[in-house]
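Results of the structural survey
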Amino acid sequence: TGGARYTDETKDSEFVHPYNNPGLGGIWRTGEVAVGDQDFQEWSPEVTATWDVTPDVMLYAAYKTAYKSGGFSNSGIYSAEFAGGSAGDFTFDEETAAGFEGGVKATVLDNQMRLGFTAYAYEYDDLQVDFFNSPTFAFITLNAGEATTEGFEFDAEYAPRDLAGLTLRGSIGYNQAEYDNFIAPCWAGQTAAQGCNTTVPTTNGTPGQDISGESTAMAPEWSASFGVSYDGFLSNGWSYGIALDGMYSDDYNASAFANPNARRDAFTTVNASLYLAGRDDRWQAQILGKNLTDEHIVSGVVDGPSTPLPGGAYADQMGFTSLPMTLAFQLTYNFR
């Protein structure tokens, strides 16, 4: 099978501060308009070959491409350090990706077990990366030159007929995602000795850091999941079920700019649920437990504004995190 998608996008954008506190006139621009009129066109083809080796085993291989148009950063701030009236600090280019994947899908043990394995390798050009420029209080989107992600995934699900209602499931994956070419902005507080020493300027004409070969953000090498659930019936016709699911993540860097202070250790989370339902599922009572290991999961960081303080070593890290351990009771009734 094969196909292609054609994208044609036109984006007309502008950014202006209609009002600025007079005491902040030296920090933010007032009344200056940055305009960005952009046009994007791209073809994104793909092709997949499959082979049914037996009725229970299928092999496949695919070449795929992807496209994300460029745009205009929703900065929130028009800093005085930006060039007056220039859209160059706001606009960013399109992102493209292309690569291969292949694998096998099978059912074994007389259709009681499902197995799947996939290996993949993709290359990204002009990868779009969000950046918070803490000295200028500006959110902008940048383009990393090139990045590559490659790895494999294996998953399995088992539902034995001799234990009707029981399901066991699990998966494991390996992923190596890194920048091949990226002169990135320095993280706040980074010194020349720590890598902030390139002659190629990045934001606002300041030196950058060459993080080619470093991992991209939120990219643990190893990850895994596991789960077990059981659904059954009581003698009075009510149904019940219990489920336990877990997820493991290897350590990773939550910063897209290789900030060593943004690394997150490996962790394991566990979710659980228990339900009781009446006949025909007219009502259901459920107890839910999420993140029972109470992990502090960070899904991204930015440098804290106005840090580091004079004499400080590094900028504070402001992270986006998941909820802590959460317990809930849920009661549902269907009026029908």
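Residues numbered from 1 in each chain as written. Predicted model: local features only at pLDDT ≥ 70, side-chain atom pairs only at ≥ 80, totals over all residues. Heavy atoms only, no water.

All chains considered together, the criterion is met by 16 aromatic pairs. On the numbers, 5.0 Å between centres and 55° between planes, the contact of Y174 with W222 is tilted. Placement of Y174 in strand 9 (residues 166-181) and of W222 in strand 12 (residues 222-233) is noted, with a sequence separation of 48 residues between them. A ring pair is formed by Y179 and F182, whose centres lie 4.9 Å apart and whose planes are at 55°; its orientation type is tilted. (Phe/Tyr/Trp six-rings, centres within 6.5 Å; stacked < 30°, edge-to-face > 60°. Helix = DSSP H or I, 4+ residues; strand = E, 2+ residues; numbered from the N terminus.)

With that settled, the discussion passes to the layout of surface pockets. Considered as a void within the structure, the largest pocket measures approximately 490 Å³ in volume. Taken together, 28 residues form the lining of the largest pocket, with D130, F131, A256, V301 and V302 sitting closest to its centre. Broken down by secondary-structure element, the contributors of at least two residues to the lining of the largest pocket are strand 7 (113-133), strand 8 (138-158), strand 18 (298-303) and strand 19 (317-321). For the lining of the largest pocket, the element with the most residues is strand 7, which contributes 6 residues. When grouped by side-chain class, the residues that make up the lining of the largest pocket number 16 nonpolar, 10 polar and 2 charged. (1 Å grid on protein atoms, 1.4 Å probe; cavity = no way out; pocket = protein on both sides within 12 Å on 5 of 7 lines; lining within 4 Å. Points joined across faces, edges and corners; volume = space filled by probe spheres on them. Nonpolar A, V, L, I, M, F, W, Y, C, P; charged D, E, K, R; others polar.)

Here we take up the nonpolar core. Ranked by internal contacts, the top residues of the largest apolar core, which has 14 residues, are L127, V129, A144, Y179, F182, I211 and F257. Within the residue set of this core, elements represented by two or more residues are strand 7 and strand 8. The element that contributes the greatest number of residues to this core is strand 8, accounting for 4 residues. Counting residues in hydrophobic clusters, the runner-up holds 7 residues, among them A262, I297, V298 and V301. (Core = buried A, V, L, I, M, F, W, Y, C linked by side-chain atoms within 4.5 Å. Buried < 20%, exposed > 50% of the residue type's maximum accessible area, 1.4 Å probe, protein only.)

This part takes up the pairing of strand 7. Sheet topology places strand 6 (residues 95-108) next to strand 7; 13 bridges connect them, and they run antiparallel. Across the sheet, residue T96 finds its bridge partner in strand 7, namely D125. Once strand 6 ends, the chain turns through 4 residues before running back antiparallel as strand 7, passing L109 with a positive phi of about 55°. When strand 7 meets strand 8, the two strands line up antiparallel, connected through 20 bridges. Across the sheet, the residue bridging to G116 is D155, located in strand 8. Hairpin geometry of strand 7 and strand 8 is characterised by an intervening segment of 4 residues between the two adjacent antiparallel strands and by a positive phi of about 55° at F137. (Pairing = 2+ DSSP bridges.)

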